[in-house]
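# Observations on the three-dimensional arrangement
What follows is each chain in one-letter form.
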Amino acid sequence: MAAVKGLDMSQQEFLIALQNRLGVDVVLTGDAIEARYHTDWSGTPPVQPLALVRPRTTEEVSAALRLCHEHRVAVVPQGGLTGLAGAAVPVEGCVAISMERMNAIEDINSRSMLMTVQAGATLQAVQEAAVEAGMVFGVDLGARGSCQIGGNVSTNAGGNGVLQHGMMREQVLGLEVVLADGTVLPMLRPMIKNNTGYDLKHFFIGAEGTLGVITRVLLRTQAQQPRAKVTALVAMPGFDESLAVLQRMQQHFGNSVAAFELMWDSFVQTSIRWQRLQAPFAESHPFLALIDIDGKDETSLCEAVEEALGEAMEAGDVLDAVIAQSQTQAKTLWKLREAPAEMNANMHPPINFDVGLPQSEIGKFAQACQAAFDARWPGNHSIFFGHVGDGNLHVSTDGKTVNGECDAVEAELYRIVGEFHGSVSAEHGIGLHKKPYLALSRTPQELAAMRAIKAALDPLGLMNPGKVF
Ligand code: FAD
């Protein structure tokens, strides 16, 4: 290995040992490490790692971690780098382990509805392989082409299918993980029932790479159904009525309610303005919901949806409703929900939140936030929308309308999240960005238990240090 400038002797010795063990093709150093490995989608300032390791096998991951352990070098696992919390950004002097070469779909069993994949397989590759085998994989999100299953597991990703299928945790039946000292934990047992002590895999789901490197994943899938889909846009007078409509639809259609996206009027008016859309109803209403229902036959499903919404109207929960008569009309209705794509162009900058709340509290929480913002920043532009069925609310505020006081807006909103006993991160994790607010969502006792688990599995604190805690 050519000497890398600016490194001390022990770092040089470590890199030589790493390259001797794994080869120069697997271990990159210095300028050979492309800038894309220096940060993730979150916009966190880039850091060049001491080395980038791109293993092809679990054994190589294990060998790399063992050497890092011996030399006390920090390790940062990297998936598709689409994370929004800065969790995969290298720390000074670390080894970044990119899982991109471990991307095989190893096994698909359409009888048992299970797949075994390497952690570096992209979500899209897993979805496509499932469909080819007559199955459906239950997690979907916008970054599907780049994010990896290992990253999805490590962030316990949510996304579009949560109402029907749950989050990533619900799709994981088994994991293979390499611990900080190189020990391989093989937990890939294809069994649903296995009550033999602690279910260790759950520690690693949502751990953001702080406990070990996930190398292989045993995934659950669902059977493909003959699909018809009906989309409705429904107007409601209040938040409680919105929940009543969701409940009524779930009573009628059970798990076939595929989406229930609630939009506050502030969001709807903003979306119409930004995207130059036609207003969907003659007058504006406090809340609109986009509802997707799955079924087998479009005509009978449409009639059933009409009947359910008619009942809701009689009960006073629905003010107006439109049911799409074609997939083109459905797309037009869903356009209303696409305002977030316009945020960067229209908010300077957008201050975005992705919080979890007890479902029944979401309406009051939004009111409390708007009131607190109005008191401190009169004229602020804030919009509220979310996957209310999952208890997940998004809030976006235009930085320009709060005098650029982005940190103060964050502190204010997260303070209110704490008051409502909510979660400062519904989906994206803690990483670096939400560390200051973690204690608003977790008690000191919970944090102490988390630290004890971290200390037991990674006593030297080498796995993704400085993230989460
Ligand atoms: P990375 O960003 O590379 O890493 C994320 C974390 O996982 C880091 O802590 C990293 O150390 C760790 N990690 C990665 N791989 C491993 C491994 N093999 N072993 C151990 N630790 C590992 N998220 C949602 O939940 N829902 C959404 O709807 C959603 N939509 C998005 C849309 C867009 C356009 C973008 C850019 C992001 C979106 N995200 C969403 C966020 C992001 O895509 C998810 O958090 C995703 O799960 C991250 O996967 P990744 O492979 O990119 O992980």
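Structure report, in brief.

## Overview of a nonpolar patch on the surface
Residues Y198, L200 and F203 make up a contiguous nonpolar surface patch of roughly 330 Å² in combined accessible area. You can call F203 partly exposed: its relative accessible area is 33%.

## A closer look at the nonpolar core
Grouped together as the largest cluster of nonpolar side chains are 57 residues, with contacts concentrated most on M249, F365 and L413. Among all residues touching M249, those that are not within four sequence positions of it are G254, V257, I291, I293, V305, A308 and L309. Of all hydrophobic cores here, the second largest spans 56 residues; its members include V61, V177, V178 and A207.

## Describing the side chain of S154
Along the polypeptide, S154 turns up in helix α4 (residues 149-154). For S154, a relative accessible area of 15% puts it in the buried group. For S154, the side chain forms a polar contact with the main-chain oxygen of G150, separated by 2.7 Å. If near-sequence neighbours (up to four positions away) are discounted, S154 is found in contact with F204, G206, A207, E208, G209 and I214.

## As for the environment of D40
Examined against the element boundaries, D40 turns out to sit in the loop between β1 (27-29) and β2 (51-53). By relative accessible area, which is 8% here, D40 ends up buried. In this structure, the C-alpha to C-alpha distance between D40 and G79, residues 39 residues apart in sequence, is 9.7 Å. If we skip the residues at most four places from it in the chain, D40 touches L81, G83, G86, A87, A88 and V89. Within polar-contact distance, the side chain of D40 engages the side chain of S42 at 2.5 Å. Among the polar contacts listed, one links the side chain of D40 to the backbone nitrogen of G86, at a separation of 3.3 Å.

## With respect to unusual backbone geometry
The omega angle of the peptide bond from H348 to P349 is -10 degrees, so this bond is cis rather than trans. Within the secondary structure layout, P349 lies in the loop between α12 (343-346) and β16 (350-356). The phi dihedral of R276 is positive, around 50 degrees, even though this residue is not glycine. Overall, R276 belongs to the exposed group, its relative accessible area being 77%.

## Regarding the site of the ligand
Around the ligand, 33 residues are found, and the nearest of them are P77, G79, G80, T82 and G83. G80 places a polar main-chain atom, nitrogen or oxygen, 2.7 Å from an oxygen atom of the ligand. Between the ligand and the protein, one listed contact pairs a nitrogen atom with a backbone N or O atom of I214 at 2.9 Å. Burial of the ligand by the protein amounts to 92% of the accessible area it has alone, namely 980 Å². Listing elements by their share of the shell around the ligand, those giving two or more residues are β3 (75-78), α4 and β10 (213-220). When residues of the shell around the ligand are assigned to their parent elements, the largest contribution, four residues, is made by α4. Residues belonging to the shell around the ligand are distributed by class as follows: 14 nonpolar, 17 polar and two charged.

## Things to note about the sheet that holds strand β12 (residues 228-236)
The strand order β15-β12-β14-β13-β17-β18-β16 describes an open sheet built from seven strands, whose pairing is antiparallel. Pairing within the sheet leaves two strands with one partner each, and these edge strands are β15 (320-323) and β16. Recorded for the sheet is a direction-independent mean angle of 15 degrees between the axes of neighbouring strands. Inspection of the sheet shows β16 paired to strand β18 (residues 392-398) by seven bridges, in the antiparallel sense. When the bridges of β18 are listed, F353 appears paired with V395. Along the sheet face, helix α9 (residues 265-275) touches β13 (257-264), β14 (287-295) and β17 (382-387) and points at about 105 degrees away from the line of β17.

## Some remarks on the state of the cysteines
Considering all chains together, one arrives at zero disulfides under this definition. Residue C94 stays outside any disulfide, its sulfur separated by 8.8 Å from that of C68, the closest cysteine. For C94, a relative accessible area of 0% corresponds to the buried category. Take C369: it sits in no disulfide, and the sulfur closest to it among the cysteines is that of C406, at 16 Å. Overall, the relative accessible area of 0% leaves C369 in the buried class.

## Things to note about helix α8 (residues 239-253)
Between the first and last C-alpha of α8 there are 21 Å, a value that for 15 residues agrees with the 21 Å anticipated at 1.5 Å per step. Those residues of α8 that sit buried are F239, S242, L243, V245, L246, R248, M249 and F253. In the stretch just after α8, G254 is the one whose phi turns positive, near 55 degrees.

## Notes on a negative patch on the surface
Residues D297, E298, E303, E306 and E307 make up a contiguous surface patch of negative charge. Mapped onto the elements of the fold, D297 is located in the loop between β14 and α10 (298-314).

## Concerning the packing of helix α13 (residues 362-376) against helix α14 (residues 406-419)
Two elements in contact, α13 and α14, have axes separated by 10 Å at closest approach and are oriented at 145 degrees. Relative to α14, the crossing made by α13 is right-handed. Taken together, the residues of α14 that come into contact with α13 (itself represented by F365, A368, C369, A372, F373 and R376) are A408, V409, E412, L413, I416 and V417. Its residues placed into classes, the contact of α13 with α14 shows ten nonpolar, no polar and two charged.

Rules and cut-offs
Sequence order as written defines the numbering, with residues in each chain counted from 1. The model is predicted, so local features are restricted to residues of pLDDT at least 70 and side-chain atom pairs to those at 80 or more, both for listing and for counting; the totals for chains, interfaces and linings are taken over all residues. Note that the side-chain values use all heavy atoms of the structure and ignore hydrogens as well as water. Residues qualify for a patch when their relative accessible area is over 30% and they have no salt bridge, like charges being joined within 9 Å and the nonpolar side chains of Val, Leu, Ile, Met, Phe, Trp and Tyr within 5 Å. Calculation of accessible area relied on Shrake-Rupley with a 1.4 Å probe; when residues are assessed, cover is drawn exclusively from the protein chains displayed. Salt bridge criterion: a side-chain nitrogen from Lys or Arg within 4 Å of a carboxyl oxygen from Asp or Glu. The classification of residues rests on relative accessible area computed with a 1.4 Å probe and restricted to protein chains. Under 20% of the type maximum is buried, over 50% is exposed, and intermediate values are partly exposed. Here, the term nonpolar core denotes a set of buried Ala, Val, Leu, Ile, Met, Phe, Trp, Tyr and Cys residues that are joined through side-chain atoms within 4.5 Å. A contact between two residues is defined here by any heavy atoms of the two lying within 4.5 Å. Strands are runs of DSSP state E lasting at least 2 residues, helices are runs of H or I lasting at least 4, and numbering of each runs from the N terminus. In the analysis that follows, any N or O atom pair within 3.5 Å is treated as a polar contact, provided that within protein one partner can donate a hydrogen and the other can accept it, and provided that, for residues neighboring in sequence, both atoms belong to side chains. Here, proximity means that at least one heavy atom of the residue falls within 4 Å of the molecule or strand. Three categories are distinguished: nonpolar for Ala, Val, Leu, Ile, Met, Phe, Trp, Tyr, Cys and Pro, charged for Asp, Glu, Lys and Arg, and polar for the others, with Gly belonging to the last. Paired strands, as defined in this entry, are two strands with at least two bridges between them according to DSSP. Between the N-to-C directions of two axes lies an angle of 0 to 180 degrees, each axis being a line fitted to C-alpha atoms and, for a helix, fitted only over the stretch in contact. In plain terms, two cysteine sulfur atoms within 2.5 Å form what is called a disulfide here. One less than the number of residues in a helix, times 1.5 Å, gives the span that helix is expected to have. This count recognises Lys and Arg as positive and Asp and Glu as negative, with His and chain-terminal groups excluded. For the purpose of locating charges, the reference atoms are NZ of Lys, CZ of Arg, CG of Asp and CD of Glu. Handedness of each helix crossing follows the sense of rotation of the near helix against the far helix: counterclockwise by less than a right angle gives left-handed, clockwise gives right-handed.

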